[in-house]
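What follows is the residue order along each chain.
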Amino acid sequence: MRNKKYMNILMVSLGCDKNLCDSEAMLGLLAKHNYNITNDEQEADAIIVNTCSFIKDAMEESVNTVLEMAKLKQQNLKYLIVTGCMAQRFKDEIFDEIPEIDACLGTSSFDKILDVIEELKARDGIEDAEEISVYDDIDRLATITESNKVITSGTFMGYLKIAEGCDKFCTYCVIPHIRGHYRSVPMEQLLKEAEYMASQGIEELVLVAQETTCYGKDLYGEKRLHVLVRELAKIDGIKWIRLMYCYPEEIYDELIDCFKEEPKLLHYIDMPMQHSEDAILKRMGRRTDCASIEAVESNSDPEAVIGKLREAAPDIAIRTSLIAGFPGETQEEHEALMAFLDEQELDRVGVFTYSREDGTPAATFENQIDEETAEQWRNEIMELQQEISLDKNETFVGKIMQVIIEGYSSDDDVYVGRTYRDAPGVDGLVFVNCDYELMSGQIVDVRINEVGPYDMIGGIVDESAE
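Residues numbered from 1 in each chain as written. Predicted model: local features only at pLDDT ≥ 70, side-chain atom pairs only at ≥ 80, totals over all residues. Heavy atoms only, no water.

Trainee: Explanation requested: the pattern of salt bridges in the structure shown.
Mentor: Two side chains carrying opposite charge are able to pair once their charged atoms lie near each other. Tallying each qualifying case throughout the model produces 26 salt bridges. Of the charged contacts, one joins Lys 161 and Asp 22 as a salt bridge, the two residues approaching to 2.5 Å between their closest N and O atoms. You can see Lys 161 sitting in strand 6 (residues 157-161) and its partner Asp 22 sitting in helix 1 (residues 17-32), a full 139 residues away along the chain. A relative accessible area of 9% places Lys 161 in the buried class. Across the pair Arg 418 and Glu 204 runs a salt bridge whose closest N-O atoms are separated by 2.6 Å. Residue Arg 418 is found in strand 15 (residues 414-418), and its partner Glu 204 is found in strand 9 (residues 204-208); the two are separated by 214 residues along the sequence. (Salt bridge = Lys/Arg side-chain N within 4 Å of Asp/Glu carboxyl O. Helix = DSSP H or I, 4+ residues; strand = E, 2+ residues; numbered from the N terminus. Buried < 20%, exposed > 50% of the residue type's maximum accessible area, 1.4 Å probe, protein only.)

Trainee: What's the story with helix 15 (residues 371-394) in this structure? I'm lost.
Mentor: The periodicity of an α-helix, 3.6 residues per turn, causes residues three or four places apart in sequence to face the same way. Between its first and last C-alpha, helix 15 extends 34 Å over 24 residues, near the 34 Å set by a 1.5 Å rise per residue. Within the sequence span of helix 15, burial applies to Ala 374, Trp 377, Ile 381, Met 382, Leu 384, Gln 385, Ile 388, Ser 389 and Asn 393. The opening residue of helix 15 is Asp 370, an N-cap whose side-chain oxygen sits 3.3 Å from the backbone nitrogen of Glu 372. (Expected span 1.5 Å × (residues − 1). Polar contact = N/O pair within 3.5 Å; in protein donor to acceptor, adjacent residues only side chain to side chain.)

Trainee: How should the sheet that holds strand 4 (residues 79-84) be read in this particular structure?
Mentor: Taking strand neighbours across the sheet as the criterion, the 5 strands line up as 2-1-3-4-5 in an open arrangement whose pairing is parallel. At either end of the open sheet lies a strand with only one pairing partner, and these are strand 2 (36-37) and strand 5 (103-105). Bridge count for strand 3 (residues 46-51) against strand 4 is 6 bridges, and the pairing is parallel. Within strand 4, the position partnered with Ile 48 by the bridge is Ile 81. Helix-sheet contacts for helix 1 involve strand 1 (8-13), strand 2, strand 3 and strand 4, and the interaxial angle to strand 1 is about 170 degrees. (Pairing = 2+ DSSP bridges. Contact = heavy atoms within 4.5 Å. Axes fitted to C-alpha atoms, helices over the stretch in contact; angles between N-to-C directions.)

Trainee: Explanation requested: unusual backbone geometry in the structure shown.
Mentor: The bulk of non-glycine residues show a negative phi, and the bulk of peptide bonds are trans. Here the phi dihedral of Gln 274 falls at roughly 75 degrees; this positive angle occurs in a residue that is not glycine. Look at Gln 274 and you get buried, because its relative accessible area is 9%. At Asp 413, a residue that is not glycine, the phi angle is positive and equals roughly 55 degrees. Within the fold, Asp 413 resides in the loop between strand 14 (400-409) and strand 15.

Trainee: Would you mind showing me how to read a negative patch on the surface here?
Mentor: Taken together, Asp 342, Glu 343, Glu 345, Glu 383, Glu 387, Asp 391 and Glu 394 make up a surface patch of like negative charges. Every element with two or more residues in the negative patch is listed here: helix 14 (331-344) and helix 15. The element best represented in the negative patch is helix 15, accounting for 4 residues. (Patch = residues over 30% accessible without salt bridge, like charges linked within 9 Å, V, L, I, M, F, W, Y side chains within 5 Å. Areas by Shrake-Rupley, 256 points an atom, 1.4 Å probe, with all protein chains shown as cover. Lys, Arg positive; Asp, Glu negative; His and termini not counted. Charge placed at Lys NZ, Arg CZ, Asp CG, Glu CD.)

Trainee: Explain helix 9 (residues 225-232) here, please?
Mentor: The set of residues buried in helix 9 consists of Leu 225, His 226, Leu 228, Val 229 and Leu 232. Axial view of helix 9: buried residues confined to an arc of 160 degrees, hence all on one face. Close packing links the buried residues of helix 9 with strand 6, helix 7 (187-199), strand 9, strand 10 (240-243), helix 10 (253-261) and strand 11 (265-270). (Arc of directions from axis to C-beta.)

Trainee: Any chance you could explain the packing of helix 7 against helix 9 here in plain terms?
Mentor: Axis angle and axis distance: for two packed helices, these are the angle between their axes and the distance between the axes, and together they describe the pair. The geometry of helix 7 relative to helix 9 is characterised by a closest axis approach of 10 Å and an angle of 30 degrees between their N-to-C directions. One element, helix 7, and the other, helix 9, form an angle in the roughly parallel class. As for how helix 7 packs across helix 9, the hand of that crossing is right-handed. Contacts between helix 7 and helix 9 involve Met 187, Leu 190, Leu 191 and Ala 194 from the first element and Val 227, Leu 228, Glu 231 and Leu 232 from the second. (Parallel < 35°, antiparallel > 145°, perpendicular 65-115°, else oblique. Left-handed = near helix turned anticlockwise from the far one by under 90°.)

Trainee: Hey, could you run me through the environment of Lys 121 in this one?
Mentor: In this fold, Lys 121 is placed in helix 5 (residues 113-123). In this structure, the C-alpha to C-alpha distance between Lys 121 and Tyr 79, residues 42 residues apart in sequence, is 9.0 Å.

Trainee: Would you mind going over the side chain of Arg 319 with me for this structure?
Mentor: Summarising the element assignment, Arg 319 is placed in strand 12 (residues 317-324). Under the relative-accessibility criterion, Arg 319 is labelled buried at 13%. Setting aside residues up to four positions removed in sequence, Arg 319 forms contacts with Tyr 268, Ile 269, Asp 270, Met 271, Arg 348, Val 349, Gly 350, Val 426 and Asp 427.

In structure tokens:
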């Protein structure tokens, strides 16, 4: 029953899954203190927009969303609060540009959301809203416990943010300046949170951070992602564990062993590379080179990470992200990247055109690539990757794959799910024909009948489901 004493809160979460984790923590804190959570902007008393400003497009989306929510101030909306990366990065300008905003919270202060709303209520119409903005020391990692999280990503899949910040300082990236240096969440805290998530029906844990592979170095003096994975796998109810944002130079043997030895760890890894050519990687400030990444018979480096991953788990799905049009990139380097992809045959690839971000070293580099060329290169990479992905998917036709059911499409009369090869929100889907009811979160056996570059179509094999 709706609590009439407290305000209705609407959360609009933008950007990456790390932002979503912060949004869920804020909602949990408010719900714990009896605030009503709503999805209806017309009935909201307060709207929180958790913003992103990683690249230009994300910034534009954040600004447009805040402006759209600001219009509701002319109706019933009492308070508009902006949190996240844009609030952290542009705290000095945001009130001047959008006066409808009542308060801002930076990325390391989201646990102050309750204090801000309580103070807004007490002052009820304060003109100098900036006085209540909170920007704590970036070194402070807000405490998240198992009791203050509202899971919004689904009834069976949830994101577990294992660290905050980044120490890489790639020349194109603003994240270290926004979210600070790398801070791991203590393992005991993560295990409690994961146990709580499992108790709420979560079956697939997706581990996220700006970089997951460095987990534990700051707290324990060594990387302990492999230890965390093994401990999480002991939790009853957790069936799948998925790793995202594993930088190639930080992937290590004990972690690779987990793919061989831990059944709950999916044979899937997201490994951002950004490019294949050494000269560009150097200008990007990346800490790896092509020889350390690739897997080819002629490669003399036994430590090349793609080769080691495929040796440990031959069926592993490798996802990466690439930047097209980085300053100084030549046509020859673009073609070399295409050749690299053609040779390595990665399973999943996301491509972004370079975004020139103020305050980053790359923004000052000479030979900035025009948007038209960068977009053309991006399209060429994606066309090649579609061919590779289709070839990969065709190898699964006729085979039986486990699929976790996400929902039902009444228009097409099919169920929708994902295989181990598909991370939520970024990879493909499986459309499952079945003549009896399936529930979200079920893991079922599906025979693949048709495929495209991204999605598959199949039929249920039998009624056995985990």
